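Each chain, written out:
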Amino acid sequence: MGVTAEQLARRCEAAGFGEYCCQDLLRDIAEWVGGSKAMLLGMPGGGPYRRSLDWNHDRVAIERYNSHYNRFDPRSGLSLLTPVHQSQLGQQYVRNENIEHTEYFEAINRFGDVRDSVHGIIGDDAEFGRQSISVQRGFGEAYFELAEADRLSALLPILEKALRNSLRAARLLSAHRDPGDFAYLVVDRGLALRYADHGGCDSGTLGGAALFIARDRLAGMDCATLAVVESAVAKALEGETLSFRLGGASIEVSPLPSPLQWMGSDSVFLSIARARDAITSRAKLFAAFHNFTERETAILEVLMRETDMRRAGQAIGISYETLRWHVKNMCHKAHQARRESLIIAALSGDFGAAGG
């Protein structure tokens with residue numbers, strides 16, 4: 001028995017907080033729509049599309065698309081005319097018979113066994129970039145029908161909310177959390193940007209780190225700086241987390257946090273902040289406003305630095321269950337529904353926020 005629409009919506013929400021595998025969610029969506037393959041495509045800086053996550057695709061074909069043929073995708077330009085939360089059939093963009101003698105069709109469609117697709121636009125704005133999902137079928141299968149495009153369209157707002165939640169959750173997992181002067185990026189092995197949020201940092205210097213963004217890539221002021229970052233990215237792709245300083249900034253490069261797994265296994269999470277700490281004062285102000293006890297204030301400061309509850313409990317010398325009890329009381333005092341929204345409110349200085 002297949003997944004229901006209600007189950008799929010719940011899985012989307014869980015994936016946004018890292019509680020359900022993004023790869024499994026992509027499979028669930030593809031099967032629910034009626035496809036045998038799927039991929040997420042992002043356009044963070046205006047193009048071209050790049051595959052971030054895929055299910056049931058040939059790896060060589062994916063690499064071909066990302067490294068070269070995405071620039072010549074005959075359907076990508078037309079897809080830019082598709083509004084957010086709407087879907088189109090691949091054959092509505094360009095019919096196969098009109099491109100079947102091209103190099104692109106031979107190298108991507110035939111080689112990758114992609115006969116038809118349903119392409120849906122998840123979201124498109126300055127923060128999010130243009131994010132889309134494509135569900136596909138191979139040459140041994142029938143073409144998609146309009147009803148299947150409608151089915152995908154119904155899911156797109158739910159999927160957008162989940163992906164946006166994942167970005168908010170990732171902010172909590174950043175090692176440096178001063179909202180007024182920080183940056184966090186998702187980059188691949190070649191330092192191409194998958195996502196960038198430089199908050200109050202000047203994007204030309206990224207918090208004094210001798211790093212900057214140029215043509216949708218992370219670049220360094222000099223070769224030595226760039227070599228350090230490239231080495232850290234390579235280590236993070238192997239599962240290590242590295243923290244170091246460059247110029248006047250503290251930098252941490254780590255594997256992608258679980259909420260951001262939809263950005264692809266070849267990407268890492270890079271956070272940058274000025275080498276100063278505003279968390280203590282921010283925690284004390286928030287705690288005083290909501291009449292936290294001294295112990296609750298100490299807990300809040302730890303949680304603003306360490307999002308893993310068990311490690312946070314160890315840091316302050318209390319058990320996991322005791323910590324959960326304190327956090328429940330703190331959420332009640334601050335009118336927040338859950339720990340994540342409590343920390344977001346404290347980090348942002350939103351003393352009057354009421355979480356939903």
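As a reminder, the structure under discussion sits directly above these lines.
Our subject in this report is the structure included herewith. (Residues numbered from 1 in each chain as written. Predicted model: local features only at pLDDT ≥ 70, side-chain atom pairs only at ≥ 80, totals over all residues. Heavy atoms only, no water.)

Turning next to the overall build of the protein. Assigned secondary structure in the protein consists of 13 helices and twelve strands. Counting all 356 residues of the protein, 50% fall into the buried class. For the protein, the proportion of contacts with a sequence separation of at least 24, taken over those separated by at least 6, is 58%. (Helix = DSSP H or I, 4+ residues; strand = E, 2+ residues; numbered from the N terminus. Buried < 20%, exposed > 50% of the residue type's maximum accessible area, 1.4 Å probe, protein only. Contact = heavy atoms within 4.5 Å.)

What follows deals with the side chain of Arg 164. Structurally, Arg 164 can be placed in helix H7 (residues 146-173). Sequence-distant contacts of Arg 164, that is, excluding residues within four places in its chain, are made with Asp 125, Glu 127 and Phe 128.

Take helix H3 (residues 59-67) next. Count 3.6 residues to each turn of an α-helix, and residues three or four apart come out pointing the same way. Looking only at H3, the buried set comprises Ala 61, Ile 62, Tyr 65 and Asn 66. The buried residues of H3 occupy an angular sector of 130 degrees when projected down its axis, which confines them to one face. Buried residues belonging to H3 abut strand S1 (37-43), strand S2 (50-55) and helix H6 (103-112). A distance of 3.0 Å separates the backbone nitrogen of Val 60 from a side-chain oxygen at the start of H3, and that oxygen is part of Asp 58. (Arc of directions from axis to C-beta. Polar contact = N/O pair within 3.5 Å; in protein donor to acceptor, adjacent residues only side chain to side chain.)

Our focus in this paragraph is the nonpolar core. If you look at the biggest cluster of nonpolar residues, it comprises 38 residues, and the most contacted ones within it are Ile 29, Ile 122, Ile 133, Leu 167, Leu 260, Trp 262 and Met 263. At the level of elements, helix H1 (5-16), helix H2 (22-33), S1, S2, strand S4 (116-125), strand S5 (129-137), H7 and strand S6 (182-188) are the ones that each hand at least two residues to this core. No other element matches the nine residues that H7 contributes to this core. With near-sequence residues (within four places) excluded, Ile 133 lies in contact with Leu 26, Ile 29, Met 39, Leu 40, Val 118, His 119, Gly 120, Ile 122, Leu 152, Leu 156 and Leu 159. (Core = buried A, V, L, I, M, F, W, Y, C linked by side-chain atoms within 4.5 Å.)

Let us now look at the sheet that holds S1. Read from one edge of the open sheet, five strands run S2-S1-S5-S4-S3, paired in antiparallel fashion. Since the sheet does not close on itself, it has two edges, and those belong to S2 and strand S3 (87-89), each with one partner. On average, each strand axis in the sheet is tilted by 20 degrees relative to the strand beside it, whichever way the strands run. In this structure, S3 lies alongside S4, joined through three bridges in antiparallel fashion. Following the sheet pairing, Ser 87 is matched in S4 by Gly 120. (Pairing = 2+ DSSP bridges. Axes fitted to C-alpha atoms, helices over the stretch in contact; angles between N-to-C directions.)

Phi is positive for His 85, close to 70 degrees, though the residue is something other than glycine. The residue His 85 is located in the loop between helix H4 (76-79) and S3 in this model. Relative accessible area serves as the criterion here: at 27%, His 85 is assigned to the partly exposed category. One non-glycine residue, Leu 191, adopts positive backbone phi at about 70 degrees. When you line up the elements, Leu 191 lands in the loop between S6 and strand S7 (193-197).

Right, let's talk about the pattern of salt bridges for a bit. What the rule picks out here adds up to 17 salt bridges. Among the salt bridges present, the one from Arg 137 reaches Glu 148, with a minimum N-O distance of 2.8 Å. Taken together, the residues Arg 137 in strand S5 and Glu 148 in helix H7 connect sequence positions eleven residues apart. Using a relative accessible area of 10% as the deciding quantity, one classes Arg 137 as buried. Judged by relative accessible area, Glu 148 falls into the buried class, the value being 18%. For Glu 160, the salt bridge identified is with Arg 164, shortest N-O distance 3.0 Å. (Salt bridge = Lys/Arg side-chain N within 4 Å of Asp/Glu carboxyl O.)

Time to look at the packing of aromatic side chains. Taken as a whole and judged by the stated rule, the model has five aromatic pairs. Centroid distance Tyr 184 to Tyr 195: 6.0 Å. Interplanar angle 40 degrees. Geometry classified as tilted. In this pair, Tyr 184 is assigned in strand S6 and Tyr 195 in strand S7, connecting sequence segments eleven residues apart. Accessibility expressed as a relative area gives 0% for Tyr 184, which makes it buried. The class for Tyr 195 is buried, based on a relative accessible area of 4%. (Phe/Tyr/Trp six-rings, centres within 6.5 Å; stacked < 30°, edge-to-face > 60°.)

The N-to-C vectors of helix H10 (residues 294-303) and helix H12 (residues 320-333) enclose an angle of 100 degrees; their axes lie 10 Å apart at closest approach. Judged by the inter-axis angle, H10 sits roughly perpendicular to H12. Facing H10, whose interface residues are Arg 295, Glu 296, Ile 299, Leu 300 and Leu 303, H12 presents Leu 323, His 326, Val 327, Asn 329, Met 330 and Lys 333. Class assignment for the residues of the contact of H10 with H12 results in six nonpolar, two polar and three charged. (Parallel < 35°, antiparallel > 145°, perpendicular 65-115°, else oblique. Nonpolar A, V, L, I, M, F, W, Y, C, P; charged D, E, K, R; others polar.)

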